[in-house]
Amino acid sequence: MRQETLQTDLFVVGGGPAGLAAAIAARQKGLSVIVADYAQPPIDKACGEGLMPDAISALSRLGVTLGLNQGVGFRGIRFTDRQVSVAAKFPRGFGLGIRRPELHELLIRRAVEAGVAILWGTRVSKLTNGGIELNGRRIESRWIIGADGQNSRTRAWMGLDCYRYRHIRFGFRQHYRVAPWTDFVEVHWGKNCQIVITPVGPDEICLVLNSRDARLRLGEALLQFPEVLNRLRNAPVTTEERGAISSFHSVSSVYQDRFALVGDASGSVDALTGKGLCLAFQQALALAEAIEGGDLSRYQAAHRRIARMPSLMSRLMLSMDKHAWLRQKVLQVLAADPHLFSKLLAVHVSALSPTAFGLGNALKLGWRLVASPN
């Protein structure tokens, strides 16, 4: 007996945070939405588990309200490299350390509440002219969204698998049972690697190693950071070390006809920026606006605008990772003028526009980098 063909306004391939955000945003516009993912929830991923204030704001627009009862708040970022340390607070709001599975569960709950139909354990086999095929069944959909990550099959099916650039690094994550010793996210810079420490519970922290070396692991990397290692000396490990490829990449286009990409499938920034999820949530909102207007070119323009500053920050972080002399210069300049670092952080979390940051501050930073001793 032939199965009945289902119909929907929008079909999302991928049920991670980006796909669920796109589904929720579309439902807020009154569209019928189906999401499919081969995995079963909650879906975990090796990430830093810190949400910046602008990510929390974007989630609020999606109807997901996060407070300090859902995680651990942090009030800024601290960079440390040997004897140089500089910190800045967020100009408003707070960041939140929250375990990835818990965030995923909150998004699932909101999606179901909004009326999204979710098909877990379901593999999408191909796209067709009028829809998609999955588990031998056809679904007709006016709009199809690829949200299946940086190695997106959907992107290839859409003919959008053309990189403008791509830089690969590697991330490894592990959790420790120890009370957070600071209310900042700490980024410790070492030789060819960084350790990022995020509080995620009253007695738990998340450690992430970022490196160009696929063979480097947390245990070996921590030997470069005796102060951190000393704090963890008697702390039980609460999770297994989990790894992932961290890709900073851009594709030539994020849409074609009635197909579009969102989240890492549409491009990503380096993990050290802490902006990956924020971009996905902001893209989801912009995509829903463009679909409502029937013009995905508006989404392309919004996508580029949203990614512009985080992409510039990714390039700076990668240059600091590659060139120790540049990293030392940057941190020395920022340590000498913490107010400048505060303004840069404000731009990074969308609390201050690049225009408001101004040519004067940009020239000041550039001059001090040139004038500072090696």
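Provided above is the structure to which this section pertains.
Residues numbered from 1 in each chain as written. Predicted model: local features only at pLDDT ≥ 70, side-chain atom pairs only at ≥ 80, totals over all residues. Heavy atoms only, no water.

Caption draft 1: Here's a closer look at the overall build of the protein chain. What the protein chain contains, in helices and strands, is 11 helices and 19 strands. Relative to the 2.2 N^0.38 estimate, which gives 21 Å for 374 residues, the radius of gyration of the protein chain is 21 Å and therefore close to what a compact globule would have. The buried share of the protein chain, taken over its 374 residues, is 54%. Counting only contacts in the protein chain whose residues sit at least 6 apart along the sequence, the fraction spanning at least 24 positions is 73%. Carbon and sulfur atoms provide 51% of the accessible area of the protein chain, an area that totals close to 16,700 Å². Placing the 46 positive and 31 negative side-chain charges of the protein chain at their respective mean positions leaves the two points 6 Å apart. (Helix = DSSP H or I, 4+ residues; strand = E, 2+ residues; numbered from the N terminus. Rg over C-alpha atoms; globule rule 2.2 N^0.38 Å. Buried < 20%, exposed > 50% of the residue type's maximum accessible area, 1.4 Å probe, protein only. Contact = heavy atoms within 4.5 Å. Areas by Shrake-Rupley, 256 points an atom, 1.4 Å probe, with all protein chains shown as cover. Lys, Arg positive; Asp, Glu negative; His and termini not counted. Charge placed at Lys NZ, Arg CZ, Asp CG, Glu CD.)

Caption draft 2: Spatial organisation of the pattern of salt bridges. What the rule picks out here adds up to 20 salt bridges. When the shortest N-O distance is used, the salt bridge between R99 and E204 registers 3.9 Å. With R99 in the loop between β7 (95–97) and α3 (100–114) and E204 in strand β15 (residues 204–211), this pair connects stretches of sequence that are 105 residues apart. Overall, R99 belongs to the buried group, its relative accessible area being 15%. Judged by its relative accessible area of 10%, E204 falls in the buried class. For R215, the salt bridge identified is with D213, shortest N-O distance 3.4 Å. Classification of D213 as partly exposed rests on a relative accessible area of 28%. Each member of the salt-bridge network shares a partner with another, and the members are D44, E49, R99, R173 and E204. (Salt bridge = Lys/Arg side-chain N within 4 Å of Asp/Glu carboxyl O.)

Caption draft 3: Region of the structure containing the sheet that holds strand β5 (residues 76–81). Sheet architecture is open: 8 strands sit in the order β6-β5-β13-β14-β15-β12-β16-β19, paired in mixed fashion. At either end of the open sheet lies a strand with only one pairing partner, and these are β6 (84–89) and β19 (267–268). Of the strand pairs in this sheet, strand β12 (residues 163–176) and β15 are connected by 7 bridges, and their pairing is antiparallel. Each bridged residue has a counterpart across the sheet, and for F170 the counterpart in β15 is S211. Sheet contacts for helix α8 (residues 297–322): β5, β12, β13 (185–190), β14 (193–201) and β16 (242–251); angle to β12, the most-contacted strand, approximately 70 degrees. Each of β5, β6 and β13 is contacted by helix α9 (residues 324–336), which is oriented at about 55 degrees to β6, the strand it contacts most. (Pairing = 2+ DSSP bridges. Axes fitted to C-alpha atoms, helices over the stretch in contact; angles between N-to-C directions.)

Caption draft 4: Expanded view of the environment of Q300. Among the structural elements, Q300 can be located in helix α8. The sequence separation of Q300 and A260 amounts to 40 residues, and the corresponding C-alpha distance is 9.1 Å. With near-sequence residues (within four places) excluded, Q300 lies in contact with S252, S253, V254 and Y255.

Caption draft 5: Summary view of the environment of I139. Note on placement: I139 falls in strand β11 (residues 137–146). A C-alpha to C-alpha distance of 9.7 Å links I139 and L127, two positions 12 residues apart in sequence. Excluding its chain neighbours within four sequence positions, the residues that come into contact with I139 are L6, T8, F11, I34, L119, G130, G131, I132 and L134.

Caption draft 6: A look at the packing of α9 against helix α10 (residues 338–348). One can describe the packing of α9 onto α10 by two numbers: an axis separation of 5 Å at closest approach and a directional angle of 110 degrees. Considered as vectors, α9 and α10 are oriented roughly perpendicular to each other. Counting all contacts with α9, which are made through L334, A335 and A336, the residues of α10 involved are P338, L340, F341 and L344. For the contact of α9 with α10, the residue count by class is 7 nonpolar, no polar and no charged. (Parallel < 35°, antiparallel > 145°, perpendicular 65-115°, else oblique. Nonpolar A, V, L, I, M, F, W, Y, C, P; charged D, E, K, R; others polar.)

Caption draft 7: Region of the structure containing the packing of helix α2 (residues 53–61) against helix α7 (residues 276–293). In contact at an axis separation of 9 Å, α2 and α7 are set at 35 degrees when each is read in the N-to-C sense. The crossing of α2 and α7 is left-handed. On the side of α2, the interface is formed by D54, A55, A58, L59 and R61, while α7 contributes C278, F281, Q282 and L285. Considering only residue class, the contact of α2 with α7 consists of 6 nonpolar, 1 polar and 2 charged. (Left-handed = near helix turned anticlockwise from the far one by under 90°.)

Caption draft 8: Looking closely at the pairing of β6. Every second residue of β6 is oriented toward a common face, the buried set being V84, V86 and A88 and the non-buried set S85, A87 and K89. As judged from the 6 bridges shared by β5 and β6, these two strands associate in the antiparallel manner. Residue pairing for β6: F79 is matched across the bridge by V86.

Caption draft 9: Molecular detail of unusual backbone geometry. Omega for the bond connecting P41 with P42 falls within 30 degrees of zero, at 0 degrees, which places this linkage in the cis form. Here P42 lies in the loop between β2 (33–37) and β3 (50–51). At N192, a position not held by glycine, the phi torsion is positive, near 60 degrees. With respect to the helices, strands and loops of the structure, N192 is situated in the loop between β13 and β14. Positive phi, normally seen in glycine, also occurs at D257, with a value near 60 degrees. With respect to the helices and strands, the residue D257 is situated in the loop between β17 (255–256) and β18 (259–261).

Caption draft 10: Here's a closer look at α8. With 26 residues, α8 extends 36 Å between its outermost C-alpha atoms, agreeing within 8% with the 38 Å of an ideal straight helix rising 1.5 Å per residue. In α8, a bend of some 40 degrees at R308 exceeds every other bend along the element, and P310, a proline, comes one to four places later. (Expected span 1.5 Å × (residues − 1). Bend = angle between axes of the 7 residues up to and from the residue.)

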